[in-house]
Number of protein chains: 6
Amino acid sequence: MIPVTEGKHVARIVCFGEILIRLSAPGRELMLQTPRLESHVGGAEANVAVSLARLGHEARAVSVLPDNALAHGALGELRRWGVDTRHVAFGAGRMGLYFLTPGAGQRPADVLYDRAHSAFALAAPEAIDWGAALAGADWLHVSGVTPAVSVNGAGAALRAMKAARAAGVKVSCDANFRARLWAARGGDPKPVLDALFAEADLAFAEARDIALVAGERAESSEAAAQIAFARYPHLQRIAHTERKVISADHHELSGVSVTRAGAARTRAHAVAGIVDRIGGGDAFAAGLLHGLVSGADEQAMLDFAVAAACLKHYIPGDFNLATADDVAFYLSNSGSDVRR
Amino acid sequence: MIPVTEGKHVARIVCFGEILIRLSAPGRELMLQTPRLESHVGGAEANVAVSLARLGHEARAVSVLPDNALAHGALGELRRWGVDTRHVAFGAGRMGLYFLTPGAGQRPADVLYDRAHSAFALAAPEAIDWGAALAGADWLHVSGVTPAVSVNGAGAALRAMKAARAAGVKVSCDANFRARLWAARGGDPKPVLDALFAEADLAFAEARDIALVAGERAESSEAAAQIAFARYPHLQRIAHTERKVISADHHELSGVSVTRAGAARTRAHAVAGIVDRIGGGDAFAAGLLHGLVSGADEQAMLDFAVAAACLKHYIPGDFNLATADDVAFYLSNSGSDVRR
Amino acid sequence: MIPVTEGKHVARIVCFGEILIRLSAPGRELMLQTPRLESHVGGAEANVAVSLARLGHEARAVSVLPDNALAHGALGELRRWGVDTRHVAFGAGRMGLYFLTPGAGQRPADVLYDRAHSAFALAAPEAIDWGAALAGADWLHVSGVTPAVSVNGAGAALRAMKAARAAGVKVSCDANFRARLWAARGGDPKPVLDALFAEADLAFAEARDIALVAGERAESSEAAAQIAFARYPHLQRIAHTERKVISADHHELSGVSVTRAGAARTRAHAVAGIVDRIGGGDAFAAGLLHGLVSGADEQAMLDFAVAAACLKHYIPGDFNLATADDVAFYLSNSGSDVRR
Amino acid sequence: MIPVTEGKHVARIVCFGEILIRLSAPGRELMLQTPRLESHVGGAEANVAVSLARLGHEARAVSVLPDNALAHGALGELRRWGVDTRHVAFGAGRMGLYFLTPGAGQRPADVLYDRAHSAFALAAPEAIDWGAALAGADWLHVSGVTPAVSVNGAGAALRAMKAARAAGVKVSCDANFRARLWAARGGDPKPVLDALFAEADLAFAEARDIALVAGERAESSEAAAQIAFARYPHLQRIAHTERKVISADHHELSGVSVTRAGAARTRAHAVAGIVDRIGGGDAFAAGLLHGLVSGADEQAMLDFAVAAACLKHYIPGDFNLATADDVAFYLSNSGSDVRR
Amino acid sequence: MIPVTEGKHVARIVCFGEILIRLSAPGRELMLQTPRLESHVGGAEANVAVSLARLGHEARAVSVLPDNALAHGALGELRRWGVDTRHVAFGAGRMGLYFLTPGAGQRPADVLYDRAHSAFALAAPEAIDWGAALAGADWLHVSGVTPAVSVNGAGAALRAMKAARAAGVKVSCDANFRARLWAARGGDPKPVLDALFAEADLAFAEARDIALVAGERAESSEAAAQIAFARYPHLQRIAHTERKVISADHHELSGVSVTRAGAARTRAHAVAGIVDRIGGGDAFAAGLLHGLVSGADEQAMLDFAVAAACLKHYIPGDFNLATADDVAFYLSNSGSDVRR
Amino acid sequence: MIPVTEGKHVARIVCFGEILIRLSAPGRELMLQTPRLESHVGGAEANVAVSLARLGHEARAVSVLPDNALAHGALGELRRWGVDTRHVAFGAGRMGLYFLTPGAGQRPADVLYDRAHSAFALAAPEAIDWGAALAGADWLHVSGVTPAVSVNGAGAALRAMKAARAAGVKVSCDANFRARLWAARGGDPKPVLDALFAEADLAFAEARDIALVAGERAESSEAAAQIAFARYPHLQRIAHTERKVISADHHELSGVSVTRAGAARTRAHAVAGIVDRIGGGDAFAAGLLHGLVSGADEQAMLDFAVAAACLKHYIPGDFNLATADDVAFYLSNSGSDVRR
């Protein structure tokens, strides 16, 4: 297991992407079934930033937002959980929103994106001062959502990754392929994502993601990883979760990690009585980055990352608020349901 | 599966019965454990009307209500979901209420009826202008709750069914036998329900319901149906769900439909993580009527009806708000827990 | 006072404009101070439609909305209060939103519009079948918000008014000038609004609105009205409220109505303990239309309209849910604070 | 001022009447505007009992209720505030309810009674064992609501008062005339209330109440009291509040008390920012009874009673939860808005 | 099964211990994730008192509390459920609190005690007048929490037990060993608990509790009981539950009871869909005491106690509000999920 | 008026004192009238820090807290509003709490402190590394609450002020005299507060505070200030608000500031419709510090400070969340109740 020593292994990790506000129907209600809505702050990369801050790291969120009450509310929420928001830029456009109807049993959750024309989507790639934003950083984390948002987004993501590489900052990229965003945006995702993967040291990607960017299908995660390693010389590690859905409330989750040296897998974790499923993948990414910067061995790192992803399902909202101690307790717990 | 083509197969269906307001304890609380209550609108036939409107049909609710804020609130809720309320009559008496303490685990739900002396129970059978209410209708739907409410109710239900038959409107009747209502009302249910079944083209009834009205017990749904077909010449189809209760949160549900030509059955559907169990039978009835008017084949119609009933369990309140698209997704879903 | 006789004076009034969802901070909180939001449905013309339906008229809302859960939720809310939504068209684009931080004391309310790129703003003027939408109508009501939303909106509003005039349907137009919407949209409002006023039989407009469209300033409402009457031959009546703000919770409200024959004014009504100030002007417009179609005399009509506007301030949400009986009670009440 | 000495002047006071559950719209919403309701326990005599218990007395609630979850919830609430509920009887019938839409500004509150056919209304006058219920009591308090509920209620109230008088227990009676209840019940209130007043030592009644029971009008409270004193030899004191309504949120309140020896009056108390107006009269009655059993002088007793009534307006629900210390602080407060 | 005959077997049971207020995060939120908290009243012995009152007994809570609004709120809640609070003493110190973050799935619940320096912990053993508090009592119930709270607590518990024994009142003691409280308090628990067990007729204790107090380990409940019976001559019965935790939402529960004559066990009860796990052991203790005073046979008593404990898990808050009828229904239920 | 130029006049201000969690009854309820509580973060100096951060300054909160979920929740809330919490130390002890029952009308608010034995009260004066905490600071703000909490607190406050003075950091001190805290703590406040005032450049103090520390009474604020200026050579300015309470909802507020050069006063501001009165004085202090560091003239600074204090009354919670733009709008507003 990852040794959790307070104050050690603190990394500086910069997470670049769109910050969103989620508006969800409360309880198990349908959207607008009653007039009440609950807000949460999310966005794949912001979720990673919060997870990392909760795991003890210095996480910075970098983004472009409108200068209005919604955006400042979102930034306040990130600061609350310990994320540094001083490198967020402001620009013209809306606050990106999404409306979530949480699922129940065999009724799936439903997501209605309302993020078109956001300040992030409209921002020029030059909106961010990457010299300042990356100062002193160990890692930059981006995801495939950003290029899917707009052509500007694609430019911004690539610019960020190149700036990081130039500055000796390692780069992780979560494929996070969203067909519906690409359909709305137009354009061919392949060359765009291919260029991004070329800059990554670590990719969160399944075999189908590799097939999309590399144009070559593989039967297994391991085979897909070899394709990617051959194509992207900087790439050192590919990881992802495998999820089996029994109902909206009950999943099974496991993790896979492949390096040029070999592969690791975790056992399948039963995830029953799910509270909030959004952000599980981001919790995994943050957990793996935590392990990497902590110098954990491959299996411990992967176990930690999957455990973090599992715990996320029991926490309302998009953020994984579990601490390293919570994850360690989860991994070692043998039957306690109350800590007192 | 039932082909869902927008604008096609739109039927006009009239649902006659008492509209109720449910007052429930929130969360998993006991009644009045805290001072907050949540209101929903219900009543077996209103539930069917809302389901049908959500499935794309022109549903009319016909009832008698007091002319007060509670009744107008209930009517507004029906209109909200697309039900035509213009044929509701107003009369002296109370608004029918029921208090629900939802169950949890092995603690069963508890229903406290407070519907005695309601405007519906007191209304004369002539309170409704059936010429207007049935104008242009394809189906009339009634249930055994109405005659159980009062002698006037029994007269009103029979009058409605005879008016429909005279006007060439098909008639469905849900047995919905409620021993406690009959005990409170007094009188022998057998001849009353027998007269109702005699007017029905379609009956929602289990073998024990048939035994009650026909005075003859059968071992199976099929055998019971044959008894009913012999006794009621107008009757063409009998259908019902079978429910196995594992806990208040976990059931198994399947459906049976018998015509003079043969029987159909569905597989058992696991219904775990139940949100609200009230109205499942009404969702089934509406689903079957939807299939009938859509010209679906017997098995597709029954699968659709049971799927609709299952989905109801994941929606708060008495109404099944699932659309035809939701039901189709449920029937074809192979592991997706978020639609985005 | 306007004689309220049930079933009499029922007019068919078509209200055309954008339907919005309001998301407000609960209680007296600032936006996102806590994560909870409350939703309401609004939009100037929808507000008028609901008021008219509550006053007993057949109100139709005509609009263009996206075909998603938010829009259907909004339509359901209009139906709930008795508005006919069958002539709403669906098109590409977002649901128009606005975020409201209600004021308190000397802290003013704050509105953050998020309605750019809405389906309504993007819709071609031909999106509505005005032949069907106006069938049988007595009045068409539009407002200056619609041309301010987009060039398409301007075209749609003018097209609607011309279609009404051609069909012998009277037209009312509420100036509702919104400098910030015009600033965002671009273009000169003067010729656009001037063309609209030219089609109106009744205008809700203050002297400053007349000055804007007619290019001529007047000292008083009466003088402004004479300018307008001279310029717009169809115009028969101009009316508006006068509001004095003591605090966010305490206003004074009066009404003015000018015809070619003369002017009427009401006393100043104290409006203390305000619950929700949004929609007061729309409640006034609906009250005046109610009086007009009811054949009330000028003073009674205006008193009724101002009373309706006052009552709106005591009702949460954008809609005035007061009935004609509520307004009559308000006007005649001499000290009762509980009706029982 | 009344000397508040803990443990002194503790009286045993029996309050007989119907216990009700109030269901109110939350905030300033209209009834069923949103689906949430808030419950409170009330009923004029139960309100008096809770006030007295909070003022340090041994208060007993005597009533007849159905043996169901609603009634037991109501009894639990009375016990919570220190009222002895052991003499409540159970019988057939419903739980009495009332639906309250609280007012705001110039929008009056609205009460919808739903108490017909309650267990209390149906109970035979013999349902209560008055020997046990009055054992050791100093006072019996009844009100004119009870005879207005049903003929049985009239019998029960009279039977209770006669039993008290026979047992040397003093009797207070609050006129609480409710025209709508009498209209629904039928019968002439005059002889019924006249018989009740004949048994009272203390009556809470305005001049119009005296006029009703004695058939003789008086110009002033004092003159009305003299009519009553002449007619009812047992009667020693008549008291009531005078209320001026400026808006639903703002009243003025004063008190009058007349004995055979003379009259006392209080200053007018401004009651602004009202939270909940229901139960103000009951708080006054309890306050006066408290003064009487405490041996306070006439003016101090009346000041205390009006102060208690004023404080009630600032407390949610039907009960006055103010303690004697709270009332004393109110009467002596010179500008403190926070006690810390 | 225990014959539930109303009015029979009513015992007077005195429960002595600290009354606490629980402040919990709502829903499945983390502590202070949103600003809302929910309060409940608890404390092991108060929980037993409420359970017993709900099962029909005369339960008295005896404790020491500060004379402030929190304490009076807690006492009101006990009275609400039928517990006699007249023997509670008031003293200097705080109200004991605990903060609960309920668990979900594999995320365990978290308890943060904030009970140091409470009035109960500071109270001298002589604070309670045991002559009055035990008057007429059949049983005294204490627990190992009280001596763990403070040295004064240890003295008070022993004093209470000795007073009971002297007065011929039977004594039950729940070990309720809390390592963290002992660590905070200091001192060796062994002699303290040993002295307490020496006064008990009935002990709720597992083998590990016996090992702690008797200094001797046993392999089984039966063997541990024999050790205890040898050491404590007054002790007649030892009982406890066995709990297997599958997740925070899903346990298995069974019961064991050992007397000098032999042992009884129940089947394992699946406890899925847990609503609130706190207070399960107290519900068991109350259930067993109910059986004992009802003269049920050993197996029926134990089945009842475990069933009561299971039902507690489906009720929010610390108290088991299940009635004897609810428990009987649970034990005999064969598939009903709605009682109507 | 203070020129609000973004990015200018940004000061670094360190606020040292205890951070508290407030638990309040919701709405206008009494404490525990219903089970729901709302939490806010407060504490006089934390309130000042948040106000300053909202006004654009770099505010640091320095304190000592327990290392538990409550404390981390409080710190997160401070970070959310932009306060730097990195210099907070952790130590043994509880989280300081206070329970607030908000007032209504003539019912005053009620505060129940539960802050004894807090980590802050127990902390040694050396717990804070003032070299680090004051690095780069312009001002240190402390208050008289800290010495009133404990002897350690008195030592810590004095140590902080001396460290500031030594480092050339200016010092402000809010008298905030709390008789009840001093009574509980014991000891004579005079010499303790006298020593503190001796280190202050700016004091927030009324004449009665000066009388307490200087032992000399004065008739006016100006005279009191001269006494203080004579006694404390470092002191340059004394300021305070004057509050007139009409009801819990309605105050009048004005400000006074006295320097060695002269005095300034503001007009009386009506503060009606109060939402939350806690923290008004802290908002005033922050407003004045803002003016001082912005180089505003005496009158503008004082007007700004009183306006900030007024606005606080319209914002829920302990913090003044008003921005400089909000304050400027308040001061210049001539009748707008909605900003849109």
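Now for a look at the structure at hand. Fair warning: this is a prediction, and the values are worked out from it, not measured in the lab.

1. Section: the overall build of chain A
The helix and strand tally for chain A stands at 13 helices and 16 strands. Taken over C-alpha atoms, the radius of gyration comes to 19 Å for chain A, in line with the 20 Å a tight globule of 340 residues would show. With respect to the three principal axes, the spread of C-alpha positions in chain A is 55 × 50 × 40 Å. Burial analysis of chain A (340 residues in total) assigns 64% to the buried set. Across chain A, every contact between residues at least 6 apart in sequence was considered, and the portion connecting residues at least 24 apart equals 69%. Taking the average place of the 34 positive charges on the side chains of chain A and the average place of its 36 negative ones, the gap between the two points comes to 1 Å.

2. Points about the relation of the copies chain A and chain E
Superposing chain A onto chain E takes a rotation of 120° combined with a translation of 0.0 Å along the rotation axis, leaving an RMSD of 0.0 Å. Taken together, the turn and the small shift mark the pair as related by a three-fold rotation axis. Residues of chain A ranked by C-alpha distance from the rotation axis are headed by G273 of chain A, positioned 4.7 Å from it.

3. Section: the sheet that holds strand β16 (residues 338–339) of chain A
In space, the ten strands of this open sheet follow the order β16(A)-β8(E)-β7(E)-β2(E)-β3(E)-β3(F)-β2(F)-β7(F)-β8(F)-β16(D), with mixed pairing throughout. Edge positions in the sheet fall to β16 of chain A together with β16 (338–339) of chain D, since each of these pairs with one other strand and no more. When strand β2 (residues 20–24) of chain E meets strand β3 (residues 36–42) of chain E, the two strands line up antiparallel, connected through five bridges. Considered in β3 of chain E, the bridge of R22 of chain E is made with H40 of chain E. Here helix α2 (residues 69–80) of chain E sits on the sheet and contacts β2 and β3 of chain E together with β7 (97–101) and β8 (109–114) of chain F; the angle it forms with β3 of chain E, its principal contact strand, is near 60°.

4. Comments concerning unusual backbone geometry
Peptide bonds are, in most cases, trans, and in most cases residues other than glycine have a negative phi. Residue L32 of chain D is not a glycine yet carries a positive backbone phi of 65°. On the basis of relative accessibility, which here comes to 11%, the residue L32 of chain D falls in the buried class.

5. Some words on the interface of chain A and chain E
Listed by partner, the interface residues are 19 residues for chain A and 23 residues for chain E. Three residues, Y314, D337 and R340 of chain A, lead the burial of chain A against chain E; their summed loss comes to 39% of the area buried on that side. Of the charged contacts in the structure, one is a salt bridge between D337 of chain A and R277 of chain E, with a shortest N-O distance of 2.7 Å. Inspection of the chain A/chain E interface yields nine residue pairs in polar contact (both at pLDDT 80 or more). Of all the secondary structure elements, the ones that give two or more residues to the side of chain A that touches chain E are β15 (269–272), α13 (324–332) and β16 of chain A. Its residues assigned to classes, the side of chain A that touches chain E shows twelve nonpolar, three polar and four charged. As paired elements, β16 of chain A and strand β8 (residues 109–114) of chain E share two bridges and run parallel to each other.

6. Focus: the pattern of salt bridges
Inspection of the entire model under this criterion finds 120 salt bridges over all chains. For R231 of chain C, the salt bridge identified is with D194 of chain C, shortest N-O distance 2.8 Å. Here D194 of chain C lies in helix α8 (residues 189–197) and R231 of chain C lies in helix α10 (residues 221–231), a separation of 37 residues in the sequence. On the basis of relative accessibility, which here comes to 36%, the residue R231 of chain C falls in the partly exposed class. We classify D194 of chain C as buried; its relative accessible area is 17%. Ionic pairing is found between D276 of chain D and R22 of chain D, a salt bridge with its closest N-O pair at 3.0 Å. Of this pair, D276 of chain D sits in the loop between β15 (269–272) and α11 (280–294) while R22 of chain D is found in strand β2 (residues 20–24), placing the two residues 254 residues apart along the sequence. Within the structure, one salt-bridge network assembled from shared partners comprises R94 and D114 of chain A together with R94 and D114 of chain C.

7. A look at the packing of helix α8 (residues 189–197) of chain E against helix α9 (residues 207–214) of chain E
Residue and element names in this part refer to chain E. It is at 8 Å that the axes of α8 and α9 come closest, and there the two elements cross at 110°. It follows from the interaxial angle that α8 and α9 lie roughly perpendicular. In this structure, α8 contributes K190, L193, D194 and F197 to the contact, and α9 contributes I210, L212, V213 and A214. In terms of residue class, the contact of α8 with α9 is made up of six nonpolar, no polar and two charged.

8. Structural notes on the packing of aromatic side chains
The description of an aromatic ring pair rests on the distance of the ring centres and on the angle between the ring planes. Inspection of the entire model under this criterion finds 30 aromatic pairs over all chains. Ring geometry for F16 of chain D and W130 of chain D: centres 5.0 Å apart, planes at 90°, overall edge-to-face. One end of the pair, F16 of chain D, is in strand β1 (residues 12–16); the other, W130 of chain D, is in helix α4 (residues 130–133), and 114 residues separate them in sequence. The class for F16 of chain D is buried, based on a relative accessible area of 2%. Looking at W130 of chain D, the relative accessible area reads 6%, which means it is buried. Summarising the aromatic geometry, the rings of F197 of chain F and Y232 of chain F are spaced 5.8 Å apart at their centres and angled 45° between planes, so their arrangement reads as tilted. Remark: Y232 of chain F occurs in the loop between α10 (221–231) and β12 (237–247) and F197 of chain F occurs in helix α8 (residues 189–197); sequence separation between them is 35 residues. Of the residues examined, F197 of chain F reaches a relative accessible area of 1% and is grouped as buried. Among the residues examined, Y232 of chain F registers a relative accessible area of 2% and is labelled buried.

9. A closer look at the sheet that holds strand β2 (residues 20–24) of chain C
Strand order in the open sheet formed by ten strands is β16(B)-β8(A)-β7(A)-β2(A)-β3(A)-β3(C)-β2(C)-β7(C)-β8(C)-β16(F), with mixed pairing between adjacent strands. Either end of the sheet is taken by a strand with one partner, and the two such strands are β16 (338–339) of chain B together with β16 (338–339) of chain F. The pairing of strand β2 (residues 20–24) of chain A with strand β7 (residues 97–101) of chain A spans four bridges and is classified as parallel. Among the inter-strand pairings, L23 of chain A is bridged to a residue of β7 of chain A, identified as F99 of chain A.

10. A closer look at the state of the cysteines
In total, this model carries zero disulfides over all chains according to the counting rule given. You can see C15 of chain E has no disulfide; the closest cysteine sulfur is in C173 of chain E, sitting 12 Å from it.

11. Let's talk about the pairing of strand β4 (residues 58–62) of chain B
Residue and element names in this part refer to chain B. Burial analysis of β4 places four of its five residues in the buried class, which makes it a mostly covered element. Taken together, the five bridges between strand β1 (residues 12–16) and β4 define a ladder with parallel strand orientation. Bridged to V14 within β4 is R60.

12. A word on the side chain of H313 of chain A
Residue and element names in this part refer to chain A. Mapped onto the elements of the fold, H313 is located in the loop between α12 (298–312) and α13. At a separation of 2.8 Å, a polar atom in the side chain of H313 contacts the side chain of R243. Filtering out sequence-adjacent residues up to four positions away, H313 remains in contact with R243, H251, L253, V271, I274, V275, D276, R277 and G280.

13. Regarding the environment of A225 of chain E
Residue and element names in this part refer to chain E. Examined against the element boundaries, A225 turns out to sit in helix α10 (residues 221–231). Linking A225 and P35, residues 190 residues apart in sequence, is a C-alpha distance of 47 Å. Aside from chain neighbours lying at most four places away, what touches A225 is I238 and V258.

14. Focus on helix α11 (residues 280–294) of chain A
In an α-helix, one full turn covers 3.6 residues, which means residues spaced three or four apart are oriented alike. All names here are of chain A. For α11, which comprises 15 residues, the first-to-last C-alpha distance of 21 Å matches the rise-based estimate of 21 Å (1.5 Å per residue) to within 8%. Counting buried positions over the 15 residues of α11 gives twelve, a clear majority of the element. Turning to α11, its buried residues number three or more, namely G280, D282, A283, F284, A285, A286, G287, L288, L289, H290, G291 and S294.

15. Overview of the pairing of strand β8 (residues 109–114) of chain D
Residue and element names in this part refer to chain D. Within β8, five of the six residues are buried, which leaves it mostly tucked inside the rest of the structure. Strand direction decides the pairing type here: strand β7 (residues 97–101) and β8, joined by five bridges, are antiparallel. Among the inter-strand pairings, T101 is bridged to a residue of β8, identified as D110.

16. Thoughts on the side chain of R178 of chain E
Position of R178 of chain E relative to the elements: it lies in the loop between β10 (170–174) and α7 (179–185). As a buried residue without a salt bridge, R178 of chain E has its nearest oppositely charged side chain in D282 of chain E, at a separation of 6.1 Å. For R178 of chain E, the contacting residues outside a window of four places in its chain are R340 of chain A together with Y113 and V145 of chain E.

17. Quick look at the packing of helix α9 (residues 207–214) of chain D against helix α10 (residues 221–231) of chain D
All names here are of chain D. For the pair α9 and α10, the least separation of the axes is 9 Å and the interaxial angle reads 35°. Relative to α10, the crossing made by α9 is left-handed. For the pair formed by α9 and α10, the contact residues are A207, I210, V213 and A214 on the first element and A224, I227, A228 and R231 on the second. Taken together, the residues that form the contact of α9 with α10 break down as seven nonpolar, no polar and one charged.

18. Considering helix α13 (residues 324–332) of chain B
A324, V327, A328, F329 and Y330 of chain B are the residues of α13 of chain B that are buried. Those residues of α13 of chain B that are buried are in contact with α1 (44–54), β15 (269–272), α11 (280–294), α12 (298–312) and β16 of chain B.

About the criteria used
Residues numbered from 1 in each chain as written. Chains lettered and ligands numbered in written order. Predicted model: local features only at pLDDT ≥ 70, side-chain atom pairs only at ≥ 80, totals over all residues. Heavy atoms only, no water. Helix = DSSP H or I, 4+ residues; strand = E, 2+ residues; numbered from the N terminus. Rg over C-alpha atoms; globule rule 2.2 N^0.38 Å. Buried < 20%, exposed > 50% of the residue type's maximum accessible area, 1.4 Å probe, protein only. Contact = heavy atoms within 4.5 Å. Lys, Arg positive; Asp, Glu negative; His and termini not counted. Charge placed at Lys NZ, Arg CZ, Asp CG, Glu CD. Least-squares fit on C-alpha atoms with pLDDT ≥ 70 in both. Pairing = 2+ DSSP bridges. Axes fitted to C-alpha atoms, helices over the stretch in contact; angles between N-to-C directions. Buried area = accessible area lost by both parts, 1.4 Å probe. Salt bridge = Lys/Arg side-chain N within 4 Å of Asp/Glu carboxyl O. Polar contact = N/O pair within 3.5 Å; in protein donor to acceptor, adjacent residues only side chain to side chain. Nonpolar A, V, L, I, M, F, W, Y, C, P; charged D, E, K, R; others polar. Parallel < 35°, antiparallel > 145°, perpendicular 65-115°, else oblique. Phe/Tyr/Trp six-rings, centres within 6.5 Å; stacked < 30°, edge-to-face > 60°. Disulfide = S-S within 2.5 Å. Expected span 1.5 Å × (residues − 1). Left-handed = near helix turned anticlockwise from the far one by under 90°.

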